[in-house]
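Okay, here's what each chain looks like letter by letter:
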Amino acid sequence: VGSHSHRMSAPGGPSSASSAGGGGVDNQHLVLDLDAVENGRDSRTSLMVRNIPNKYTQQMLLNEFTEHGHGPGIIDFFYLPIDFKNRCNRGYAFINFVDNRDILAFHRRYFGKHWRTFNSDKICDITYARIQGKAAMLKRFENSALMEKDEEYKPLVFVSNGPDKGTRLPFPSPAANK
C-alpha cells in the first residue's frame, strides 16, 4: 500500500458497523491509496465520508463541498442519510465523483481535518464506499423507503457529462427503470 494510505477505525470501533463497513469485516479494500489514484491504478469513484457533525443538513454539506470546488459537475451523486426520528444526519455521506482524480483534492481538503461548522470535535474520515459508481448507487437506493420521503431526504443526482453537466436531476423512480 502506498505511503499516502490510511486505515479506518479498528474492527468493532465506532465506524466499523456502519452500512458501508460491515462490523468486524476486514475493510482494507476500502482504504484509499492516493498513490494508486494518482498513478491510475485505482479508478474507483465513490467515497464514504464519515464523522460528519449531526447538525449538517444535506444542502449545507453540499454547499460547503461546492464552495471548495467539489460540487455538482465534479460529483454526480450525493447522499447524506438522515435519521427521520430526530431529523439529524447519521454522520456519514456517500459521494460519487465524475472523474476519480478529483478524489485527490477532496481528500487533501477534508481528510483528517475538523469540520469548520458547528465547532465540532469530529475529524473527517474518508474511505471508498462499498457500492461503486453512480449507477450502482442509484440502484441501491431506488427501492428504499426513503424514496417515499420529502425531497430533502433523497439522494441528490446530477448530470455527469455534456452541456448540462452539474444540473440536478430528479431521483429516478423505480418504475422508470423497469
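Going by the structure above, here's the rest.
Residues numbered from 1 in each chain as written. Predicted model: local features only at pLDDT ≥ 70, side-chain atom pairs only at ≥ 80, totals over all residues. Heavy atoms only, no water.

## Quick notes on the overall build of the chain
Stage number 1. When its secondary structure is counted, the chain shows four helices and eight strands.
Stage number 2. Listing every helix and strand of the chain by position from the N terminus yields α-β-α-β-β-β-β-α-β-α-β-β.
Stage number 3. Counting only residues that meet the buried cut, the chain has 47% of its 178 residues in that class.
Stage number 4. Considering only contacts within the chain whose residues lie at least 6 apart along the sequence, 66% involve residues at least 24 apart.
Stage number 5. As presented, the chain carries roughly 9200 Å² of accessible surface, and 50% of it is formed by carbon and sulfur atoms. (Helix = DSSP H or I, 4+ residues; strand = E, 2+ residues; numbered from the N terminus. Buried < 20%, exposed > 50% of the residue type's maximum accessible area, 1.4 Å probe, protein only. Contact = heavy atoms within 4.5 Å. Areas by Shrake-Rupley, 256 points an atom, 1.4 Å probe, with all protein chains shown as cover.)

## Points about the nonpolar core
Stage number 1. One finds Leu 61, Phe 78, Phe 106 and Trp 115 to be the most contacted residues of the largest nonpolar core, which totals 27 residues.
Stage number 2. Elements represented by at least two residues in this core include exactly helix 1 (34–38), strand 1 (46–50), helix 2 (58–67), strand 2 (75–79), strand 5 (92–97), helix 3 (102–110), strand 6 (125–128) and strand 7 (156–158).
Stage number 3. Residues Met 48, Tyr 92, Leu 138 and Phe 171 belong to the second largest nonpolar core, which totals 11 residues. (Core = buried A, V, L, I, M, F, W, Y, C linked by side-chain atoms within 4.5 Å.)

## Let's talk about the pattern of salt bridges
Stage number 1. Going through the model one piece at a time under the given rule, you end up with four salt bridges.
Stage number 2. A salt bridge links Arg 116 to Glu 67, with the shortest nitrogen-to-oxygen separation between them at 2.9 Å. Remark: Glu 67 occurs in helix 2 and Arg 116 occurs in the loop between helix 3 and strand 6; sequence separation between them is 49 residues.
Stage number 3. On the accessibility criterion, Arg 116 (48% relative accessible area) is partly exposed.
Stage number 4. Given the relative accessible area of 53%, Glu 67 is considered exposed.
Stage number 5. Overlapping salt bridges, with partners in common, bring together Glu 64, Glu 67 and Arg 116 in one network. (Salt bridge = Lys/Arg side-chain N within 4 Å of Asp/Glu carboxyl O.)

## So, the side chain of Ser 46
Stage number 1. As for its placement among the helices and strands, Ser 46 is situated in strand 1.
Stage number 2. Engagement of the side chain of Ser 46 in a polar contact is seen with the backbone nitrogen of Gly 133, the distance being 2.7 Å.
Stage number 3. Apart from the residues lying within four places of it in its own chain, the contact partners of Ser 46 are Ile 95, Asn 96, Tyr 128, Ala 129, Ile 131, Gln 132, Gly 133 and Met 137. (Polar contact = N/O pair within 3.5 Å; in protein donor to acceptor, adjacent residues only side chain to side chain.)

## Some points on the sheet that holds strand 7
Stage number 1. Reading across the sheet, the six strands line up as 6-1-5-2-7-8 and stay open at both edges, with antiparallel pairing between neighbours. Each of the sheet's edge strands pairs with one partner strand only, and the pair in question is strand 6 and strand 8 (168–169).
Stage number 2. On the sheet, helix 2 packs against strand 2, strand 5 and strand 7 and is oriented at approximately 145° with respect to strand 2. (Pairing = 2+ DSSP bridges. Axes fitted to C-alpha atoms, helices over the stretch in contact; angles between N-to-C directions.)

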